[in-house]
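This is what each chain is made of:
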Amino acid sequence: MSEQVQDVTAQKTQRTGLNLLDFFCQGWRPHVVILLVLLACALPGFVALQPLDRDESRFVQATTQMFETGDFVRISFQDEPRNKKPIGIHWLQAATAGPLNGPETRTIQAFRIPSLLGAGLAAWCVFQIGALLYSRRVGLLAGLAIACGLLLSTEAGIAKTDAALAGFTALAYLGLAKLRASPSDKARDWAPWALWIGLGMAALIKGPIGPLLVILSGLMLLAWERDFAWVRRALHWPSMLLAAAIVLPWYIAIWQATNGQFFFDAVGQDLAPKLAGQSENKSVPAGAHLLLSPVIFWPGSILIPLALWTAWRERKDPRVRFLLAWLVPGWLMFEAAPAKLAHYTLPVHGAVLLLGAIGLLSAGWQKAWLRWTSVVILGFGSLIMTALPLVLAQDIAAGAQSKAMQASAAIGLVGIVALVLVIRQSRWAAGALIGSAIVASLAIKGLFVPSIPQLDLSKRVSAALVQEGLHPRLSPGRPGPLIGAGYQEPSLIFLTRSDSALSSVTAAVAAAKPGVGLVVNADPKFEAPLIDALAQKGLSVAWRGSPLAGLNYSKGDEVTLKIGEVVAAPKRTQASGPQR
């Protein structure tokens, strides 16, 4: 009798939760709710985090130099051509940073706006695909899951290519889904435009990756279903010409500007080493992305077992086939590549979460083994997230541990509450999961990491240069460039000046002159050679302020930096002989 009462209570709770879900599914509400959840999870890092990612600093510095040189075709980091990724993200960053004076003020948030918009586009497209194939319920659950997911909400606050690529790739899949779902010519209203604009922008942002994913999906569908009707509908010449107009002008221009060198470098020095396992990212065995999935999807990782169950149970459903064609080829491609970074699989996350949402709203959640498997996956991800601040603080100077404990306690508390509500099948379980993602984002990206001065070394150096009147860009009348040795982080170059000479002692001495600021690693292997070389040029250093200790986060090494001003060495006076 008690079991029957529990079943009736669970059914009532589920119906109440579905009624609440239906309320948010109406009209414009899904788009607003998804956007608000994404902003709540992304803005703490977007606003508060310093440029910790080396690639982010390289991207924004290259965009800044485009404004300085007026060359919006070639991509350079200082004097070195950056022939790795196409121009798309730099143009998007220029479109947002330019009106906000980002290039002049070096305000990192102005360069991050395209990533935030790309993440929003990805979440909205996942919702639309779910609504198109199934229902608004499915779309909203999947859209919310990817919006609050750890990976997308983090990439939304980093000025790189990945969030924008995910957004435009999802747009292409939305167009493809509409073309397959609509046999009539009405699909030509917007579906081909979405497909080809998404493909064109993806190709302009990260080269072949986005189009290759969609092509592999299309080939899998054709091999599986032998239906070519949607292909004929996709061959819509006006939208194809627009995609060509998006991609070809810059590709032609960069070929002419570099005599084809951009393409040789992009393939030979960036893409090929990653495929061969010879890149700066060490070769990682297949399966690493799967092992990371409970964390990078968190808290949406609760949907992973449901997604696998749905994929097998409904594999003959054309709608599930589409989602599998979106997921399987891309995931296998990323697992097969020797170089693996957590964000690589982001363009296919929408398919996983849509499959999971389908399973959640069907009979999947009523199966005890499947429900408890989902709870275990969620609990494992929550445990990792709770421990993350403590792990980050492990090798950082004293004082970080207490802040880490506070962050971990907050994440652990909301994680436990969410787990309890999920286990009890409460109607508030989804809200608790979203709340746990927001608390984790605020605790880690908004409060904990920004509060650690050891990680903010470049910003502290820039502030110290301003305080001492030595900043090559912000101190009035101060000649440039900034010179130094032993610390050449792209973030410091971005915060100071594009011509900063920090790469070596030789480069620093060549640019040295009286009045310029100097930043040097206090390690004798850097400081002593620089001082000696300056002395041979008739220069010396007047030290200013106190040394700044921190962490070179890219290498994981502790570093102490000294700031000074280059001055003319005092002339040596020859000692006079005895008077007669």
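Now for a quick tour of the structure. Everything quoted here is computed from the prediction, not taken from an experiment.

Cut-off values and rules
Every chain's residues receive numbers from 1 upward, in the order its sequence appears when written. Per-residue local features of the predicted model are confined to residues with pLDDT of at least 70, and side-chain atom pairs are confined, for both listing and counting, to 80 or more; whole-chain, interface and lining totals are unaffected and use all residues. Only heavy atoms go into the side-chain values, all of them from the structure, while hydrogens and water stay out. Working definition: helices are DSSP H or I runs of at least four residues, strands are E runs of at least two. Numbering for both runs from the N terminus. Per-residue accessibility, obtained with a 1.4 Å probe over protein chains only, is compared with the maximum for each type, and a residue is labelled buried under 20%, exposed over 50%, and partly exposed between these values. The criterion used for residue contact is that any of the two residues' heavy atoms lie within 4.5 Å. Within the patch definition used here, like charges are joined within 9 Å and nonpolar side chains (Val, Leu, Ile, Met, Phe, Trp, Tyr) within 5 Å, considering only residues with over 30% relative accessible area and no salt bridge. Only the protein chains shown count as cover for residues, with accessible areas throughout obtained via the Shrake-Rupley method and a probe of 1.4 Å. In what follows, salt bridge is the name for a side-chain nitrogen of Lys or Arg lying within 4 Å of a carboxyl oxygen of Asp or Glu. Axis angles are defined between N-to-C directions and span 0 to 180 degrees, where every axis is a line fitted to C-alpha atoms and, for a helix, only to the segment in contact. Under this scheme an angle from 65 to 115 degrees is roughly perpendicular, one under 35 degrees roughly parallel, and one over 145 degrees roughly antiparallel; angles in between are oblique. Each helix crossing is assigned a hand: it is left-handed if the near helix lies turned anticlockwise from the far helix by less than a right angle, otherwise right-handed if that turn is clockwise. Gly counts as polar in this scheme, as do all residues outside two lists: the nonpolar Ala, Val, Leu, Ile, Met, Phe, Trp, Tyr, Cys and Pro, and the charged Asp, Glu, Lys and Arg. When DSSP locates at least two bridges between a pair of strands, those strands are taken to pair.

1. Regarding the environment of Val 267
Argument step 1. Here Val 267 lies in helix H14 (residues 261-276).
Argument step 2. Judged by relative accessible area, Val 267 falls into the partly exposed class, the value being 47%.
Argument step 3. Note: C-alpha distance between Val 267 and Lys 84 (183 residues apart in sequence) is 7.9 Å.
Argument step 4. Setting aside residues no more than four positions away along its own chain, Val 267 makes contact with Ala 272 and Pro 273.

2. Re a nonpolar patch on the surface
Argument step 1. There is a patch of nonpolar side chains on the surface, built from Leu 20, Phe 23, Phe 24 and Trp 428 and spanning about 370 Å² of accessible area.
Argument step 2. Within the secondary structure layout, Phe 24 lies in helix H1 (residues 2-24).
Argument step 3. By relative accessible area, which is 32% here, Phe 24 ends up partly exposed.

3. Observations concerning the packing of helix H6 (residues 108-133) against helix H17 (residues 318-336)
Argument step 1. Where H6 contacts H17, the axes come no closer than 10 Å and their chain directions differ by 155°. Our classification of the angle between H6 and H17 gives roughly antiparallel. As H6 runs across H17, the sense of the crossing is right-handed. Of the residues in H17, those touching H6 at Val 126, Ile 129 and Leu 133 are Arg 319, Phe 322, Leu 323 and Trp 326.
Argument step 2. In terms of residue class, the contact of H6 with H17 is made up of 6 nonpolar, no polar and 1 charged.

4. Comments concerning the environment of Met 201
Argument step 1. Turning to its location among the elements, Met 201 is positioned in helix H10 (residues 191-206).
Argument step 2. The exposure class of Met 201 is buried, given its relative accessible area of 15%.
Argument step 3. In the structure, Met 201 is positioned 96 residues away from Phe 297 in sequence and 25 Å away in space, judged by C-alpha atoms.
Argument step 4. Sequence-distant contacts of Met 201, that is, excluding residues within four places in its chain, are made with Leu 92, Phe 168 and Ile 246.

5. Looking at the sheet that holds strand E4 (residues 517-521)
Argument step 1. The strand order E3-E4-E6-E5 describes an open sheet built from 4 strands, whose pairing is mixed. Across the chains shown, the open sheet's two edge strands, defined by having one partner strand only, are strand E3 (483-485) and strand E5 (539-552). This sheet shows a mean twist of 20° between the axes of neighbouring strands, independent of strand direction.
Argument step 2. As defined by bridge partners, E5 adjoins strand E6 (residues 557-568) across 11 bridges and the pair is classed as antiparallel. Bridge pairing links Leu 539 to Ala 568 in E6.
Argument step 3. Its contacts with the sheet place helix H22 (residues 457-467) against E4, E5 and E6, and it is angled at close to 150° to E5.
Argument step 4. Along the sheet face, helix H25 (residues 524-536) touches E3, E4, E5 and E6 and points at about 140° away from the line of E4.

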